[in-house]
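# Descriptive analysis of the structure
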Amino acid sequence: MAVAGGRQFGTVPAGTTPSERPGAYAVAIVAGRVLVVETPAGWYLPGGGVDAGEPLEAALRREVREETGYEVVAADRLVTARQYVGTATNKVETFFAVSLAGEAAQRESDHRPRWVAVEDALAGLAEEAQAWALAAGRERAARPDG
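First, a word on scope: everything that follows refers to the structure included in this document. Quick caveat: nothing in here was measured; it's all calculated off a predicted structure.

## Thoughts on the overall build of the protein
Helix and strand content of the protein: three helices and 10 strands. Along its sequence from the N terminus, the protein presents helices and strands in the succession β-β-β-β-β-β-β-α-β-β-β-α-α. Taken over the C-alpha trace, the protein has a radius of gyration of 15 Å; the compact-globule value for 146 residues is 15 Å, and the two agree within 12%. The principal-axis extents of the C-alpha atoms in the protein amount to approximately 45 × 35 × 30 Å. The buried share of the protein, reckoned over its 146 residues, is 44%. Within the protein, counting contacts between residues at least 6 apart in sequence, those at least 24 apart form 68% of the total. Just so you have it, the protein exposes about 7300 Å², and 50% of that area is on carbon and sulfur atoms. Taking the average place of the 15 positive charges on the side chains of the protein and the average place of its 20 negative ones, the gap between the two points comes to 2 Å.

Written out as structure tokens, the structure is:
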């Protein structure tokens, strides 16, 4: 379903007005592998919520560093999607194709950074919106100018 500001994933129950939560997420693809964060709830692209007044790219850099130990050295806006989760939250997720520097480091006890094959991530990401964004990132990376 197409909506203003990106494609909608998940079903928002009729008569419900969910709160929107902006977030910024990284699509880092290197040699056919993508960086994911493994949590008890499944695999996710690194990223997360934007703090009040925080620019999207600043949130992206902060979240990637907190969750994976890597530094974002380049970020190019890729796509935006909305993912309905829980009982009343519609995540407005902005995805960036990124280049990283540094080393992986597990900085949160329940967030483990992992490089996995893109195909495995497409099948295994916990959110449909993130799989859709990863597919867009894979398409962009495959282009000669990607």
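## Notes on the nonpolar core
The biggest cluster of nonpolar side chains holds 20 residues, and the ones touching the most others in it are V34, V36, F95, A121, L125 and L134. Mapped onto this core, the elements with two or more residues apiece are β3 (19–27), β5 (33–39), β8 (71–85), α2 (118–124) and α3 (128–142). With five residues, α3 is the largest single contributor of residues to this core. Those residues in contact with V34, other than ones at most four positions away along the chain, are A28, I29, L45, R114, W115, V116, V118, A121 and L134. Listed in part, the 12 residues of the second largest apolar core include A28, A59, F96 and V98.

## Side note on the packing of aromatic side chains
A full pass over the atoms with the stated rule returns three aromatic pairs. On the numbers, 5.6 Å between centres and 50 degrees between planes, the contact of F9 with W132 is tilted. With F9 in strand β2 (residues 6–9) and W132 in helix α3, this pair connects stretches of sequence that are 123 residues apart. You can call W132 partly exposed: its relative accessible area is 28%. On the numbers, 5.7 Å between centres and 35 degrees between planes, the contact of Y25 with F95 is tilted. Pair noted here: Y25 is in strand β3 and F95 is in strand β9 (residues 89–101), with a separation of 70 residues, a long-range link.

## Thoughts on unusual backbone geometry
Most peptide bonds adopt trans geometry, and most residues besides glycine take a negative phi value. With a phi close to 50 degrees, A31 is a non-glycine residue in the positive phi region. On the basis of relative accessibility, which here comes to 77%, the residue A31 falls in the exposed class.

## Quick word on the pattern of salt bridges
The tally for this structure, following the rule as stated, stands at 13 salt bridges. A salt bridge links R140 to D76; the nearest nitrogen and oxygen atoms lie 2.5 Å apart. One end of the pair, R140, is in helix α3; the other, D76, is in strand β8, with 64 residues separating them in the sequence. For R140, a relative accessible area of 17% gives the class buried. Look at D76 and you get partly exposed, because its relative accessible area is 42%. Between K91 and E127 there is a salt bridge, and its shortest N-O distance comes to 2.7 Å. Taken together, the residues span a long stretch of sequence, with K91 in strand β9 and E127 in the loop between α2 and α3 at a distance of 36 residues. Of the two residues, K91 and E127, neither departs from the other in class, the shared state being buried. Three or more residues are tied together by salt bridges with common partners; here these are D51, E54, R62, E63 and E66.

## Points about α3
Here α3 is 15 residues long and its end C-alpha atoms lie 21 Å apart, about the 21 Å a rise of 1.5 Å per residue gives. If you check which residues of α3 are buried, you get A129, Q130, A131, A133, L134, A135, A136, G137 and R140.

The rules behind the values
- Residues numbered from 1 in each chain as written.
- Predicted model: local features only at pLDDT ≥ 70, side-chain atom pairs only at ≥ 80, totals over all residues.
- Heavy atoms only, no water.
- Helix = DSSP H or I, 4+ residues; strand = E, 2+ residues; numbered from the N terminus.
- Rg over C-alpha atoms; globule rule 2.2 N^0.38 Å.
- Buried < 20%, exposed > 50% of the residue type's maximum accessible area, 1.4 Å probe, protein only.
- Contact = heavy atoms within 4.5 Å.
- Areas by Shrake-Rupley, 256 points an atom, 1.4 Å probe, with all protein chains shown as cover.
- Lys, Arg positive; Asp, Glu negative; His and termini not counted.
- Charge placed at Lys NZ, Arg CZ, Asp CG, Glu CD.
- Core = buried A, V, L, I, M, F, W, Y, C linked by side-chain atoms within 4.5 Å.
- Phe/Tyr/Trp six-rings, centres within 6.5 Å; stacked < 30°, edge-to-face > 60°.
- Salt bridge = Lys/Arg side-chain N within 4 Å of Asp/Glu carboxyl O.
- Expected span 1.5 Å × (residues − 1).

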